[in-house]
Each structure stands twice: as C-alpha cells, then as structure tokens.
Amino acid sequence: FFRFIAKPCAINLGIQDSGPHRAQPNAILEKVFTSITKSPDGKRLEGLSKQLDWDVRKIQRWFRHRRNQDKPTTLTKFCESMWRFTFYLSIFFYGIRFLWTAPWFWDTRQCWYNYPFQPLTSRLYYYYILELAFYWSLMFSQFTDIKRKDFLIMFVHHLATIGLITFSYMNNMVRVGTLVLCLHDASDFLLEAAKLANYAKYQRLCDAFFMLFGVVFIVTRLGIYPFWILNTTLFESWELIGPYPSWWLFNGLLVTLQILHIIWSYLIIRTAYKALMRGKVSKDDRSDVESSSEEEDATSNSTKGVFSTSSNGSNRVNGHVASGQWTEE
C-alpha cells in the first residue's frame, strides 16, 4: 500500500521525502546525546558552553535538531495516515452497509433476544476479524513507532479495544460489539483526513476536517455511546438475560472506553478553543518534533538561571491527535 498507492499520491501532492534539519557533526555533543542525556539541564549546558566555546542557545538548538532528525519524514507520516484513513473509511462503510439491514441496529434489545444462541454469519465474522487484526497491528506498531507523550493512554485504549473485541466474540456478544465498532469508526477517518490535508499543506481543508472530526467525535462518544451502547449493555441486558459473571468485566471495559472518551473530548475542545482564538488549528499538543519557539522560550529563561526544555504538550485523541499542525506530529 505504501509503495504503490500512498507514496505516489504523496509525490503528486508535492510532499518530499525530507526530514527535519540535521544537526552539524560534533563528537562531544553526540557522545552526551547518546550516552548521557538527550535533553541536558542548565548545569550541563553551561559546562558544554565553556568546553566548546559555544553559546548556550546554539547548544540547545543542536540538541533540538539532533532529537528531531530521528523523527519520521513527512512522506512517511503521510503514508501511515493514508493507510489508516483508507482502513477506517472502508471498514466504516462496510459496517454501515452490514448493520443497515441488521435488526439490532434499529432496536438494541435485539442484541439480547435468544442470547447466547445467536447465529454468527460470515459477514459478521469477517467484520470482527478485520477489526481485531487492525487493532493488534496498532498495538504492536506502538512499540516500534516514535513514542509520544500519550503512549500509556493509547496502550490502555488498544488493550481495552482488543479485550472487548476478543471477549465479546468468545461470549457471542457480537451484535452489540458491531455497534461499538461502527460507532468508533465514524470519526476516526475524519481525523486521518485532517492529517493528510495538513501534510499536503491544505491548511483550511485541514482545519475544516478537524472541526468536523471534533463535532462527530463528541456527538458519538459523549452522546450516542453512553445513551445507546452503555444503556443496552448495562440496563437492557440486565433486564432481558439477567446478571452473569462476565457481565461485570464486559461493562468494565466499556466504561473504561467512556473514561478515555471524556479525556479525549476535553483535549479536542481545548484545541478547538485555541484554534478559534488564533484563527487556525494550533500546534499538535503531543507533537514529537520540537519547534524553535519552544527553544527560544527556554533560552530566554536561561538568563534567569532556568535551563529547561519546554514540553511538547499533552495528549492524543483516540489514537490520534488533538490538533492541526500534523506535520509536527
């Protein structure tokens, strides 16, 4: 997919396979970077400044460039986002087409009639197995990709998702499981579309996709999910089939997802607010490429004896990011 579809599309959009500015070779700083620390404190910066006869700002800039040069290129990030966009969009329309004729899509109580003696059709099976395979791939790739500040929260999200898919399949709760999967896929492809637009430098299109993503995310995760999904798993299932041991684990995982939804919704709203104040979607709150403005702030503080690298922000939104400067993601 990367070689024959995503990369040609990126090249046609003018995206070059070039990474961040590379740091100039320096044996002393390289040794500190690889053996001691990638973000030296004020005392070490002062020592390196005297040893190399370099300005502190220049040393900070070198470390910033050195950290950034190991990050993936814009072309690589475009290809990854295009793959996720293609999958999310395809699986969402597959799910909608499948569920449109399913009785439990229109009446959630159908999820529990005759449970657990409900047939597993081939279309339902493939829907489940595709989703499970994709989330396992996200779980594994998280350890090989650049680690971000939201690593733990995404790890919990992937664990909860894989646990829910596997557990619901083993217990034949696939009907309500399809509703959960389709609802989550409804907003994910919009976020990836925003990233693609930003990588291609279509900022207005990026902002529009992100705002649309924010609206769909909040409506589906804070509105439809608790009042449609949690209502049937917590109350309708209890009423129709009664409590059972696995009921607690199943609903515990679903409630864990709802907690993550609340956290991500807060981040989206915060980013949208910043966007309205600044006139465009702001820098990625969990960016893995540091900006020069951050370095300047840290440098100005150094005159007061403070030598600290400023934070890149906080968190990601459902696997994904709460902002629009996707080139810095």
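None of these values were measured; they are calculated from a predicted model.

Engineer: Go over the packing of helix α3 (residues 42–52) against helix α4 (residues 56–68), please, and point to the residues and values.
Structural biologist: Where α3 meets α4, the closest approach of the two axes is 9 Å, and the angle between their N-to-C directions is 110 degrees. On the basis of the axis angle, α3 is roughly perpendicular to α4. Across the interface between the two elements, Leu45, Leu48 and Ser49 of α3 pack against Val56, Ile59, Gln60 and Phe63 of α4.

Engineer: Can you tell me about a nonpolar patch on the surface, naming the residues and giving the values?
Structural biologist: On the surface, Leu120, Tyr125, Tyr126, Ile129, Leu130, Tyr169 and Met170 cluster together to form a nonpolar patch covering roughly 680 Å² of accessible area. Of all elements in the fold, only α7 (122–141) and α8 (151–170) reach the threshold of two or more residues within the nonpolar patch. For the nonpolar patch, the element with the highest residue contribution is α7, accounting for four residues. For Tyr169, the position within the fold is in helix α8. Overall, Tyr169 belongs to the partly exposed group, its relative accessible area being 35%.

Engineer: Tell me what's going on with the UniProt feature "transmembrane region" (unreviewed entry) in the chain, and back it up with residues and numbers.
Structural biologist: In the numbering used here, UniProt assigns the feature "transmembrane region" (unreviewed entry) to residues 85–105, 125–144, 151–170, 209–228 and 248–269. Summarising residues 151–170: 100% helix, 0% strand, and an end-to-end C-alpha distance of 28 Å. With 100% helix and 0% strand, residues 248–269 has its two end C-alpha atoms placed 31 Å apart.

Engineer: So what about the pattern of salt bridges? Which residues, and what values?
Structural biologist: In total, this model carries four salt bridges according to the counting rule given. Among the ionic pairs, Glu192 bridges to Arg84, the shortest N-O distance being 3.2 Å. Of this pair, Glu192 sits in helix α9 (residues 174–199) while Arg84 sits in helix α5 (residues 74–99), and the two are 108 residues apart along the sequence. Owing to a relative accessible area of 0%, Glu192 belongs among the buried residues under this scheme. Of the residues examined, Arg84 reaches a relative accessible area of 13% and is grouped as buried. Where Asp188 meets Arg221, a salt bridge forms, and the shortest distance between an N and an O atom there is 3.4 Å. Taken together, the residues span a long stretch of sequence, with Asp188 in helix α9 and Arg221 in helix α10 (residues 203–241) at a distance of 33 residues. Residue classification places Arg221 among the buried residues on the basis of a relative accessible area of 0%. Salt bridges linked by common partners bring Arg84, Glu192 and Lys195 together as one network.

Thresholds, definitions, all that
- Starting afresh in each chain, residues are numbered from 1 along the sequence in its written order.
- Where local features are concerned, this predicted model is filtered to residues with pLDDT of at least 70; where side-chain atom pairs are given and counted, the filter is 80 or more; whole-chain, interface and lining totals use all residues.
- Hydrogens are left out, water is left out, and the side-chain values use all remaining heavy atoms of the structure.
- Lines fitted to C-alpha atoms define the axes, with helix axes restricted to the stretch in contact, and inter-axis angles between N-to-C directions lie between 0 and 180 degrees.
- Here a helix means four or more residues in a row that DSSP labels H or I, a strand means two or more in a row labelled E, and each is numbered from the N terminus.
- Throughout this description, any angle smaller than 35 degrees is read as roughly parallel, any larger than 145 degrees as roughly antiparallel, any in the 65 to 115 degree range as roughly perpendicular, and the remainder as oblique.
- Any two residues whose heavy atoms approach within 4.5 Å are treated as being in contact.
- Patches were defined on residues exceeding 30% relative accessible area and lacking a salt bridge, with like-charge contacts within 9 Å and nonpolar side-chain contacts (Val, Leu, Ile, Met, Phe, Trp, Tyr) within 5 Å.
- Reported accessibility uses the Shrake-Rupley method at a 1.4 Å probe radius. Residues are deemed covered only where the shown protein chains occlude them.
- Salt bridges are counted wherever a side-chain nitrogen of Lys or Arg sits within 4 Å of a carboxyl oxygen of Asp or Glu.
- For every residue, the accessible area (1.4 Å probe, protein chains only) is compared with the maximum for its type, and the residue is labelled buried under 20%, exposed over 50%, or partly exposed between those bounds.
- UniProt positions are given in the numbering used here, feature names are shortened, and annotations may be inferred rather than shown by experiment.

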